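Chain residues, written in single-letter form:
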Amino acid sequence: MTTEQVLTAPTRTANGSAGPSLAERAAAVAGVAEQHLAETERDAVFPEQALAEMRRTGLLGLLVPVEHGGLGGTVADLVDVTAVLARTDMSVAMIFAMHCQQSEAVVRYAKSPLREELLAMLASGDLYLASVTTEAGKGGHLFKSYAPLAEGERTPEGEQTLEIDRTAPIVTGGTAADGFLITMLSPTATADHHVSLVYAHRHQLVVEVTGEWNPMGMRASHSLPVTLKGTIPAHQVVGEHGAFHQIAQNVFGPLAHIGWSAAWLGTAGGALSRVVRLLRDPKQRKRYDLGSELLLTRLSRSRQRLDTVHALLRRTQDVVARQADLSSPAVQLLLNNLKITAAEECHAAVNDLVDAVGLRHGYLRDSPTRLEKCLRDLRSAALNYSNDRLHLADGQLCLLDPDVRLA
């Protein structure tokens, strides 16, 4: 099936009845995001209304299996929906993609009874998940933590409790989240890479915002610094103690790079679409020479960049969907290079469009093309887990693959 056929096909519930298609659900969220875009962009506030529509449409349960009340979606569905949302607002798309990354970790690694509890909440739209993985002093290294997860007193039923005291410099959606997936140093750790992943309901924590969010772009992501303190029962560990590296390698890393790339591609694709529609508008015919070789070349280069990212994204999506073991150097290189390429090429594609249409529609904030906003948003892509850091990792991985096995 083509992407369009998948998006427009009715979704199915656990009893087999048909529901709205993913395209209809995504369009509903995008429509709400559009209505409030000026406010969320101007004030750098979280898109509460778009989140409410994600809840209503069931998209928060996209990756939850149908037998648990979710939509039973795939990685391809995540890519498609994220790209649709990004055509309206990259912040909304990133919020959605990162939530899906968290929900997939619950689907694959949470144990009973936590798994059943959270999947039901995700499917019903009652659980928006935020990720707490950033930490001062570790340089963005996902596999490390310096915040100890201490064992607390036992409950009256005899269950061990765990004490959370965690500060994070960036938590996307931290003020709106219903629950948090938090990385901390395992209680039995003997090294800083013995990291555990724990889940905490918002009502189990005291959540304190410790700073402000006033960025160049990605303004509605509302990625504030927060401190989280509270007590949780020990069964809210996701996966095994000290084994977060497995979750990171199989879920967090792959779905981050795929989801982010889909958001960047959707943002740049929306920008190109609006520019082409502007150029085709009869009212603009006197402003632009559609026979200009310079204009046509810049449009071509922008489209070339997007087709390149699209091909690499779909290839990576397929590899992740069909391979159980993602640890080989070839697959890790593919995932990292997707992120690097998408970050660079999507930003460059929009920059090409700025040059193509000039000052009025390429630089001014009130242009219907929104190129100025897209360029600011996409500037974050290379910084969101730094491309420089990934190049260093890729250089080391290259040395482990002398036969150059391509995934």
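Please read these numbers as outputs of a predicted model, since none were measured by experiment.

This paragraph deals with the packing of helix H8 (residues 244–280) against helix H9 (residues 293–322). Close contact between H8 and H9 brings their axes to 10 Å; oriented N to C, the two are set at 155°. One element, H8, and the other, H9, form an angle in the roughly antiparallel class. Where H8 crosses over H9, the handedness of that crossing is left-handed. Packed against H8, whose contacting residues are Pro254, Ile258, Ser261, Ala262, Leu265, Ala268, Gly269, Leu272, Val275 and Leu279, the element H9 presents Leu295, Leu299, Ser302, Arg303, Leu306, Val309, His310, Leu313, Thr316, Gln317 and Val320 at the interface. Considered class by class, the residues forming the contact of H8 with H9 number 14 nonpolar, six polar and one charged.

Here the focus is the nonpolar core. A general trend in soluble globular proteins is that nonpolar side chains are found buried together. Core analysis: the largest hydrophobic core is formed by 115 residues, its most contacted members being Phe96, Ile164, Ile182, Val238, Ile247, Phe252 and Trp264. Residue contributions to this core peak at 19 residues, all from H8. Ignoring sequence-local partners within four residues, the contact set of Ile182 consists of Val132, Ile164, Arg166, Ser196, Leu197, Val198, Ala200, Leu205 and Leu228.

The next subject is a positive patch on the surface. Where like charges cluster on the molecular surface, the positive patch consists of Arg87, Arg277, Arg280 and Arg285. Looking at the secondary structure, you find Arg280 in helix H8. Under the relative-accessibility criterion, Arg280 is labelled exposed at 60%.

A few words on the pattern of salt bridges. Side-chain pairing between opposite charges can occur once the charged atoms of the two side chains come close. Under the defined criterion, the tally for this structure stands at 19 salt bridges. Close ionic contact of Asp178 with Arg55 constitutes a salt bridge, the shortest N to O distance being 2.9 Å. Highlighted residues: Asp178 in the loop between strand S5 (161–172) and strand S6 (179–185) and Arg55 in helix H4 (residues 48–57), separated in sequence by 123 residues. Here Asp401 ties to Arg405 by a salt bridge, and the two come within 3.5 Å at their closest N and O atoms. The network of salt bridges with common partners includes Glu41, Asp89, Arg365, Glu372, Lys373, Arg376 and Asp377.

With that settled, consider the packing of aromatic side chains. Scanning all chains against the criterion turns up three aromatic pairs. Considering the side-chain rings of Phe244 and Phe252, the 5.2 Å spacing of their centres and the 90° angle between planes classify their relative orientation as edge-to-face. Comparing Phe244 with Phe252 shows no difference in burial state: the two are buried. Note that Arg389 overlies the ring of Tyr385, its terminal NZ or CZ placed 5.4 Å from the centroid.

Quick look at H9 now. Taking 1.5 Å per residue as the helical rise, H9 with its 30 residues ought to reach 44 Å, and the 43 Å between its terminal C-alpha atoms agrees with that figure. If you check which residues of H9 are buried, you get Leu295, Leu299, Ser302, Leu306, Val309, Leu313, Arg314, Thr316, Gln317, Val319 and Val320.

What follows deals with unusual backbone geometry. A cis amide bond, omega 5°, links Ser112 with the succeeding residue Pro113. Tracing the chain through its elements places Pro113 in the loop between helix H6 (90–109) and helix H7 (114–124). Phi is positive for Arg370, close to 60°, though the residue is something other than glycine. In this structure, Arg370 sits in the loop between helix H10 (329–362) and helix H11 (371–378).

Take the packing of H6 against H8 next. One can describe the packing of H6 onto H8 by two numbers: an axis separation of 9 Å at closest approach and a directional angle of 160°. One element, H6, and the other, H8, form an angle in the roughly antiparallel class. In this structure, H6 crosses over H8, and the sense of that crossing is right-handed. For the pair formed by H6 and H8, the contact residues are Met90, Ala93, Met94, Ala97, Met98, Cys100, Gln101, Gln102, Glu104, Ala105, Arg108 and Tyr109 on the first element and Gln246, Ile247, Asn250, Val251, Phe252, Leu255, Ala256, Gly259, Trp260, Ala263, Trp264 and Thr267 on the second.

Examined against the element boundaries, Ala356 turns out to sit in helix H10. Classification of Ala356 by relative accessible area gives buried; the value is 13%. For the pair Ala356 and Val275, spaced 81 residues apart in sequence, the C-alpha separation works out to 9.1 Å. Apart from the residues lying within four places of it in its own chain, the contact partners of Ala356 are Tyr288, Leu295 and Arg298.

Turning our attention to the sheet that holds strand S9 (residues 223–233). With antiparallel pairing, the four strands of this open sheet are ordered in space as S4-S5-S9-S8. Edge strands, defined here as strands with exactly one partner in the open sheet, are strand S4 (150–151) and strand S8 (205–209). Where S5 and S9 come together, 10 bridges link them in antiparallel fashion. Bridged to Ala168 within S9 is Val226.

A separate point is the sheet that holds S6. Sheet architecture is open: four strands sit in the order S3-S6-S7-S10, paired in mixed fashion. Each of the sheet's edge strands pairs with one partner strand only, and the pair in question is strand S3 (129–132) and strand S10 (237–238). In this structure, S3 lies alongside S6, joined through four bridges in parallel fashion. Each bridged residue has a counterpart across the sheet, and for Ala130 the counterpart in S6 is Phe180. Sitting on the sheet, H8 touches S3, S6, strand S7 (195–201) and S10, and the angle it makes with S7 is about 75°.

Conventions and cut-offs
- Residues numbered from 1 in each chain as written.
- Predicted model: local features only at pLDDT ≥ 70, side-chain atom pairs only at ≥ 80, totals over all residues.
- Heavy atoms only, no water.
- Axes fitted to C-alpha atoms, helices over the stretch in contact; angles between N-to-C directions.
- Helix = DSSP H or I, 4+ residues; strand = E, 2+ residues; numbered from the N terminus.
- Parallel < 35°, antiparallel > 145°, perpendicular 65-115°, else oblique.
- Left-handed = near helix turned anticlockwise from the far one by under 90°.
- Contact = heavy atoms within 4.5 Å.
- Nonpolar A, V, L, I, M, F, W, Y, C, P; charged D, E, K, R; others polar.
- Core = buried A, V, L, I, M, F, W, Y, C linked by side-chain atoms within 4.5 Å.
- Buried < 20%, exposed > 50% of the residue type's maximum accessible area, 1.4 Å probe, protein only.
- Patch = residues over 30% accessible without salt bridge, like charges linked within 9 Å, V, L, I, M, F, W, Y side chains within 5 Å.
- Areas by Shrake-Rupley, 256 points an atom, 1.4 Å probe, with all protein chains shown as cover.
- Salt bridge = Lys/Arg side-chain N within 4 Å of Asp/Glu carboxyl O.
- Lys, Arg positive; Asp, Glu negative; His and termini not counted.
- Charge placed at Lys NZ, Arg CZ, Asp CG, Glu CD.
- Phe/Tyr/Trp six-rings, centres within 6.5 Å; stacked < 30°, edge-to-face > 60°.
- Lys NZ or Arg CZ within 6 Å of the ring centre and 35° of its normal.
- Expected span 1.5 Å × (residues − 1).
- Pairing = 2+ DSSP bridges.

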